[in-house]
Amino acid sequence: MPVTTSRREQILVEAARLFARHGFHGVSIDGIGAAVGVSGPALYRHFPSKEGLLAEMLVGISEHLLAGGQERAAETTDPVELLEALIAFHTDFALHQPELITVQDRDLANLPDAARHRVRGLQRAYVEVWVDALCRAGFAANEEAARVRAHAAFGLMNSTPRSAGHTRPDVAAPLLVAMARAALHARV
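Residues numbered from 1 in each chain as written. Predicted model: local features only at pLDDT ≥ 70, side-chain atom pairs only at ≥ 80, totals over all residues. Heavy atoms only, no water.

Structural notes on the overall build of the chain
Along its length, the chain carries 9 helices and 0 strands. Written out in order from the N terminus, the α and β elements of the chain read α-α-α-α-α-α-α-α-α. The C-alpha radius of gyration of the chain comes to 18 Å, within 12% of the 16 Å expected for a compact globule of 188 residues. Each of the three principal axes of the chain carries a C-alpha extent, and together these read 55 × 35 × 30 Å. Across the 188 residues in the chain, those meeting the buried criterion constitute 43%. Counted over contacts in the chain with a minimum sequence separation of 6, partners at least 24 positions apart contribute 69%. With the model as given, the accessible surface of the chain reaches about 9,900 Å², and the carbon-plus-sulfur share is 56%. (Helix = DSSP H or I, 4+ residues; strand = E, 2+ residues; numbered from the N terminus. Rg over C-alpha atoms; globule rule 2.2 N^0.38 Å. Buried < 20%, exposed > 50% of the residue type's maximum accessible area, 1.4 Å probe, protein only. Contact = heavy atoms within 4.5 Å. Areas by Shrake-Rupley, 256 points an atom, 1.4 Å probe, with all protein chains shown as cover.)

Some points on the packing of helix α3 (residues 50–75) against helix α4 (residues 79–96)
Relative to each other, α3 and α4 sit at 155°, their axes nearing to 9 Å. Compared by their axis directions, α3 and α4 come out roughly antiparallel. Relative to α4, the crossing made by α3 is right-handed. In contact with Ile61, His64, Leu65, Gly68, Gly69, Arg72 and Ala73 of α3, α4 contributes Leu82, Ala85, Leu86, Phe89, His90 and Phe93. By residue class, the composition of the contact of α3 with α4 is 8 nonpolar, 4 polar and 1 charged. (Axes fitted to C-alpha atoms, helices over the stretch in contact; angles between N-to-C directions. Parallel < 35°, antiparallel > 145°, perpendicular 65-115°, else oblique. Left-handed = near helix turned anticlockwise from the far one by under 90°. Nonpolar A, V, L, I, M, F, W, Y, C, P; charged D, E, K, R; others polar.)

Focus: the pattern of salt bridges
The final tally for this structure, using the stated rule, is 8 salt bridges. Among the salt bridges present, the one from glutamate 128 reaches arginine 147, with a minimum N-O distance of 2.8 Å. A residue pair is termed long-range when its members are at least 10 positions apart, and glutamate 128 in helix α6 (residues 113–137) and arginine 147 in helix α7 (residues 143–157) qualify at 19 residues. For arginine 147, a relative accessible area of 29% puts it in the partly exposed group. For aspartate 132, the salt bridge identified is with arginine 136, shortest N-O distance 3.0 Å. (Salt bridge = Lys/Arg side-chain N within 4 Å of Asp/Glu carboxyl O.)

Thoughts on the UniProt feature "domain: HTH tetR-type" (unreviewed entry) in the chain
Under the present numbering, the feature "domain: HTH tetR-type" (unreviewed entry) in UniProt falls on residues 5–65. Helix makes up 66% of residues 5–65 and strand makes up 0%, while its end C-alpha atoms are separated by 20 Å. (UniProt positions renumbered as here; feature names shortened; annotations may be inferred.)

Some details on α4
Between its terminal C-alpha atoms α4 stretches 26 Å, which fits the 26 Å expected from 18 residues at 1.5 Å a residue. Those residues of α4 not exposed but buried are Pro79, Leu82, Leu83, Leu86, Ile87, Phe89, His90, Thr91, Phe93, Ala94 and Leu95. (Expected span 1.5 Å × (residues − 1).)

Looking at the nonpolar core
In this structure, Phe19, Ile32, Leu53, Met57, Leu83 and Trp130 are the most contacted members of the largest nonpolar core, which totals 56 residues. Put simply, the parts of the chain that give this core at least two residues each are α1 (7–22), α2 (29–36), α3, α4, α5 (98–107), α6, α7 and α9 (169–185). The element best represented in this core is α6, accounting for 11 residues. Beyond its immediate stretch of four places on either side in the chain, phenylalanine 19 contacts Phe24, Val27, Ile32, Lys50, Leu53, Leu54, Met57, Val103, Arg106 and Asp107. (Core = buried A, V, L, I, M, F, W, Y, C linked by side-chain atoms within 4.5 Å.)

Remarks on the environment of alanine 115
Locating alanine 115 in the fold gives a position in helix α6. Taking the C-alpha atoms as reference points, alanine 115 and alanine 16, separated by 99 residues in sequence, lie 17 Å from one another. Filtering out sequence-adjacent residues up to four positions away, alanine 115 remains in contact with Ala55 and Val59.

Dropping the structure here:
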């Protein structure tokens, strides 16, 4: 059975693809509309502005990551199992939505202040899920060291925009998981 998506979801997916390829300022409302088969002004039925579309995109993915991290944390009390679940979750996201990583990296500054602060707050909360698991697992001497480890793992997993187009997910996923695991478990 085919998966159906709403027009709003189609717009978000196509806008992410276009923003990743051309940058936020390199894409017009008319271009996004054409990509989903509507006129540019028709997008205003779904989003108040191009900035509003970007805000929903980046706030939405940040909320998704935090909710996924919290859900996994609620499912297991074992911190090592939790880290494995977090790695699998984040790797899956990175391999299947590399455009959002590119847009986040390049276009966060184009968000209105309130949305940018919201994204940053959600990201910090997501990192703290990882920090807690790392500290409880004994993989970090303190929270600062745990944050460094978490960000190192994110750097590896979030490298997919530079490699996803060249490597099949079934090849990339095990390698990214192993590398993220090594970053989290590294002895210093």
